[in-house]
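# Working through the structure, step by step
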Amino acid sequence: MRCIPCLPRGSSEEHSRCRHLCGCGCLPLCMRNYLTCCWGRRGGDDARHSPSINGSQLSTGSSSGPPAQPHERTSKHSTFRLRCAERSVPGMDNSYPVKLIVFDFDETISMVTFMAKDSDTPAERQLLRDINFESPWVDGSRLEKLKQLLQALAKGEDGRERALTILTKNSNRNGISGVLQLLTDADLARFFDAMWIMPARPGQHSGVYQEDGKWKFFDPPIDKAGQFKADVLQHVATNPQEWFPQLLSRNGKISRLQRLLMDLRMEGVVLVDDQRFNFQSETTQLLRYCKVARYDAAYRCVGFQKDMGGIGAHSDADYETLRRFVEDPWMCKETLQVRCSARPLPAEQERNPVKLVVFDFDETLTMATFMPRDEGCENTMGWLPSDALVPEWTAADLIQYNFESPWASGSRVARLQSLFKSLVHGSLGQPRALAILTRNQSGVVAVLNLLRIAGLDQHFSVIWTMPAKPDGAAGAYQVDGQWTTFDPPVSAWHDHKADLLANVVTQPEAWFPQLANGKASDEPRLGSLRHLSLENVVLVDDERANFRTDSEQSMARVLRYCKVARYDENYRNCGSLNQMGGIGAHSEADYETLQSFVEQPWNFPYEPSPGLGVAAASAFHTGAAGAGGANLGEGEGHVPEGRQREVEPQELERKLPRVRTFGSPDLSSFATLPLSTA
């Protein structure tokens, strides 16, 4: 990614940027990481390296004469989120429910891992617990949210039970006992039925299981199963009694685990892990999995850390995404095509037409978003790359990096223009309005400028950004080719797209100024918006969590929606980018599918649980409630003397070194303390 030039030394802007990058507000620690500021903070698995000299990392479709340095991707919110998928494999029974959820430990349950010692004081254990599990980037306690998640996964709202386990390659010297101790200190161990560590170690147990509230050590057949997690889980599915000693009944009664696991198949296993290569081996593919995002950050008192992770570390949406996937894994097909669904409606509403199509921007209209750094792009409507004070982009490069696909033939921009025109006019005579609802942090003017440069703005009536900013408009609307900014009531409603769209339906004049000032009289597509209902709205988005609110109070949901596929790819000269998207990025069928859905959404019924029937289709599950917690200010305390961050040994060839020694108990010395690998 392109290096961000530092601001003048001593400026308030420089200090603000440093605090943002390190996330601690501790100026000494921030200055220790001063050089890190020029690298920014990596989201997810996006690569930080420059292209190789021979160009082997440049993907097809890159422009002739690419920039000397790779441009920096600016749409990072999706890269910090968990992603779940079900593979499509011949002979797979996708009606088989999830019965066993297997979690990695390091950077999946934990964010980083520093092991406890027997000599630790209560204060030191509390500090390690916060460092390992509590996130400074979200409100409330991550540990409390994890407890709620694990409890909900173990027994769903429909009463379906599941077994929860840990499968880790943690390299601490105490083995599975050390992992159990950390989880016990965090009050998380009680939710798991068993824990396994690999590879097996001489003189140590490789497993521990819970029975009647007590933990007992045992030796699962780790070596016999194989050296990859996928192979181990294949063995678990085939021989569950060797991995769950609880299955060996001692009193003749059928236990909960016996009911769950005695007929276990691979379709019933989900692995949640931050390492993509753990989802398959040379001989085995896991059929259902969830990939936890990785990222780099200057973190609390331990300094800059690479390849951090953790469910919910940056987004509460992770909890709802994982819970919904476990309930309905067949809704998250591993595909590169858009998938559209219409929730069940009463017969008299089922064929109500679509009047409004709302598009997300980042990774839906764009493939990945590359926003210019020039302030004029965010503040001046009609800004062009030639207006930048420091040359950075050409218009052609902006279009190519944001909108054109190297994996599809022809111009993606031209196909999007054709799609928008077809949606607005409608083949069945139903006029429609198009809108954009985005969380792009650069704001509405910057989004509009990118669209105008690509010639994609003309068919949109309005753009809304969320959350609202105190120092800028959150909306822009178009009349007769002229765009004007305004302030839609974004901040008046719960910060979720489903909630905002529910309000758009009830108060369209507040969201479409054209309706209030009479400019819609000669625009049938806008005039039809005066009488909206939820089934008249389609949301096109790459984030599944946006289709249903996380608020227990509103219970809002989008009735008709299209999910844009996400994927990880080497992109142009940017190296590997994760959580990319874009309508038609890989399949031209996306355009036809989307248009057909908007014309006749009743032909794309919502897919309920294949084994539960129609009742499951209308079931609604609320989001995880964010529990309050202690104030977890970053930069607090210090890692006890000589403490090391744990690493899974087999990851070392795929990750930069992650074991670090911190030798000073004095926080003030962190300003100059070098990091060293152990």
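Figured I'd write up the structure that's included with this text.

What counts, and at which threshold
- Residues numbered from 1 in each chain as written.
- Predicted model: local features only at pLDDT ≥ 70, side-chain atom pairs only at ≥ 80, totals over all residues.
- Heavy atoms only, no water.
- Phe/Tyr/Trp six-rings, centres within 6.5 Å; stacked < 30°, edge-to-face > 60°.
- Helix = DSSP H or I, 4+ residues; strand = E, 2+ residues; numbered from the N terminus.
- Buried < 20%, exposed > 50% of the residue type's maximum accessible area, 1.4 Å probe, protein only.
- Pairing = 2+ DSSP bridges.
- Axes fitted to C-alpha atoms, helices over the stretch in contact; angles between N-to-C directions.
- Contact = heavy atoms within 4.5 Å.
- Disulfide = S-S within 2.5 Å.
- Salt bridge = Lys/Arg side-chain N within 4 Å of Asp/Glu carboxyl O.

### Things to note about the packing of aromatic side chains
Taken as a whole, this structure holds 24 aromatic pairs when the rule is applied. Ring geometry for F370 versus W393: centroids 6.3 Å apart, planes at 65 degrees, classification edge-to-face. Taken together, the residues span a long stretch of sequence, with F370 in the loop between β12 (356–359) and α12 (375–379) and W393 in the loop between α12 and α13 (395–402) at a distance of 23 residues. Comparing F370 with W393 shows no difference in burial state: the two are buried. Each ring, one from F370 and one from Y401, has its centre 5.4 Å from the other, and the planes form 75 degrees; the classification is edge-to-face. With a gap of 31 residues between them, F370 in the loop between β12 and α12 and Y401 in helix α13 connect regions that are remote in the sequence. Considered together, F370 and Y401 belong to a single accessibility category, that of buried residues. Clustering of aromatic rings is evident, with ring pairs tying together F370, W393, Y401, W407, Y567 and Y571.

### Here we look at the sheet that holds strand β17 (residues 537–541)
Judged by pairing direction, the sheet is mixed, and its eight strands sit side by side in the order β11-β18-β17-β12-β13-β14-β15-β16 without closing on themselves. Taken across any chain shown, the strands that pair with only one partner, and hence form the sheet edges, are β11 (339–342) and β16 (482–486). Strand-to-strand, the axes of this sheet are offset by a mean angle of 20 degrees, without reference to chain direction. Where strand β13 (residues 433–438) and strand β14 (residues 462–465) come together, four bridges link them in parallel fashion. Across the sheet, I436 pairs through a bridge with I463, a residue of β14.

### As for the sheet that holds strand β2 (residues 100–103)
The strands making up a sheet associate through hydrogen bonds between their backbones, and the pairing can be parallel or antiparallel. Spatially, the eight strands line up as an open sheet ordered β1-β8-β7-β2-β3-β4-β5-β6, and their pairing is mixed. For this open sheet the edge positions go to β1 (83–86) and β6 (214–218), each flanked by a neighbour on one side alone. Within the sheet, the average angular offset between the axes of one strand and its neighbour, ignoring direction, is 20 degrees. With four bridges joining them, β2 and strand β3 (residues 163–168) adopt parallel strand pairing. Bridge pairing links L100 to A163 in β3. Across the face of the sheet, helix α8 (residues 229–238) comes into contact with β2, β3, β4 (194–197) and β7 (269–273) while running at roughly 150 degrees to β7.

### Examining the state of the cysteines
Tallied over the entire structure, the rule returns two disulfides. Bridging C84 to C290, the disulfide has an S-S length of 2.4 Å. Judged by the sign of its S-S torsion, about 105 degrees, the cystine formed by C84 and C290 is right-handed. Residue C84 is located in strand β1, and its partner C290 is located in strand β8 (residues 288–291); the two are separated by 206 residues in the primary sequence. An identical accessibility class is assigned to C84 and C290; each is buried. Linked covalently through their sulfurs, C340 and C562 form a disulfide whose S-S length is 2.4 Å. With the S-S bond torsion at 105 degrees, the cross-link from C340 to C562 turns out right-handed.

### Looking at the pattern of salt bridges
Per the counting criterion, the structure on display carries 31 salt bridges. Note that R276 and D568 form a salt bridge whose closest N and O atoms lie 2.2 Å from each other. Of the two residues, R276 is situated in the loop between β7 and β8 and D568 in strand β19 (residues 567–570); the sequence distance between them amounts to 292 residues. For D568, a relative accessible area of 23% corresponds to the partly exposed category. Three or more residues are tied together by salt bridges with common partners; here these are R81, D542, E543 and R566.

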